[in-house]
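Below are the chains, spelled out letter by letter.
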Amino acid sequence: MLVDQETVIQKTIDFVKETLSDAEGGHDWWHIFRVWNLSKHIAQTEDVDMFVVELGALLHDIADSKFHDGDEEIGPPKAREFLSTLNVEEAIITQVENIIANISFKGGRAPQQFKSPELDVIQDADRLDAMGAIGIARTFNYGGYKNREIYNPEIKPNFTMTREEYKQSKAPTINHFYEKLLLLKERMNTSTGKKMAEHRHQFMEAFLEEFYQEWNGSV
């Protein structure tokens, strides 16, 4: 049975808004909204199934492991259960499950288990939202949420973390720039994503330069 895609998208929006109504500010509906919009923008220059892109973007953080004791197995079945109630076809549900399971930056050097043009687009959009001014705001918001130090010059960034160490890290927020955010520019998939990442990366570097000058009292 064919489904009305606009109706499915709207019901998905409503579902995500309700599910994430009490989410931490960096991983709430507005994060989803930005990733959704960025995904649609990037997808304009890519050969993708836009319905899969929109559903994948809207559901990519429906059960972020950071807020479920590190459990990465909750999101895909939660999305499947919801999409099944809307009679979305099996092939599309499977693609969305794979996107959710493989989108995140998880630290370590484990290879990504799944690739698709739709995942490339959404992954770029998600990474872009972790960069630039919004990325900085989200990073410090999450650091405050976890009661982490802003900066501690005695605690250096760890560039050799395993996947589990990355998930359990309690390092100061500034370290996260070096352990993740400044690495994202080189991990973009699409030409549009790469271009947008250059600007956001430069903004973060400028922010860090200013931060250290103010920390040291030199400006």
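See above for the structure.
As the structure is a computational prediction, the values presented were derived from the model and not from experiment.

Definitions and cut-offs
Residues numbered from 1 in each chain as written. Predicted model: local features only at pLDDT ≥ 70, side-chain atom pairs only at ≥ 80, totals over all residues. Heavy atoms only, no water. Helix = DSSP H or I, 4+ residues; strand = E, 2+ residues; numbered from the N terminus. Contact = heavy atoms within 4.5 Å. Salt bridge = Lys/Arg side-chain N within 4 Å of Asp/Glu carboxyl O. Buried < 20%, exposed > 50% of the residue type's maximum accessible area, 1.4 Å probe, protein only.

Caption draft 1: The side chain of His 201, seen in detail. Within the secondary structure, His 201 sits in helix α10 (residues 191-215). With near-sequence residues (within four places) excluded, His 201 lies in contact with Met 131, Leu 182 and Lys 185.

Caption draft 2: Up close: the pattern of salt bridges. Evaluation of the coordinates by the stated rule reveals seven salt bridges. Between Glu 90 and Arg 80 there is a salt bridge, and its shortest N-O distance comes to 2.8 Å. With Glu 90 in helix α5 (residues 90-102) and Arg 80 in helix α4 (residues 75-85), this pair connects stretches of sequence that are 10 residues apart. Overall, Glu 90 belongs to the partly exposed group, its relative accessible area being 45%. With a relative accessible area of 24%, Arg 80 lands in the partly exposed category. For Arg 138, the salt bridge goes to Asp 129, with nearest N and O atoms at 3.5 Å. Classification of Arg 138 by relative accessible area gives buried; the value is 12%. A residue is classified by how much of its surface remains accessible, and Asp 129, at 1% relative accessible area, is buried. Here the salt bridges share partners, and the residues they tie into one network are Arg 34, Asp 129 and Arg 138.

Caption draft 3: Local environment of the environment of Ile 13. For Ile 13, the location among the structural elements is in helix α1 (residues 5-19). Between the C-alpha atoms of Ile 13 and Trp 29, which are 16 residues apart in sequence, the distance is 8.9 Å. Here Ile 13 is in contact with Trp 29, Trp 36 and Leu 58, once residues within four sequence places are set aside.

By themselves, these observations are geometric and do not establish any function.
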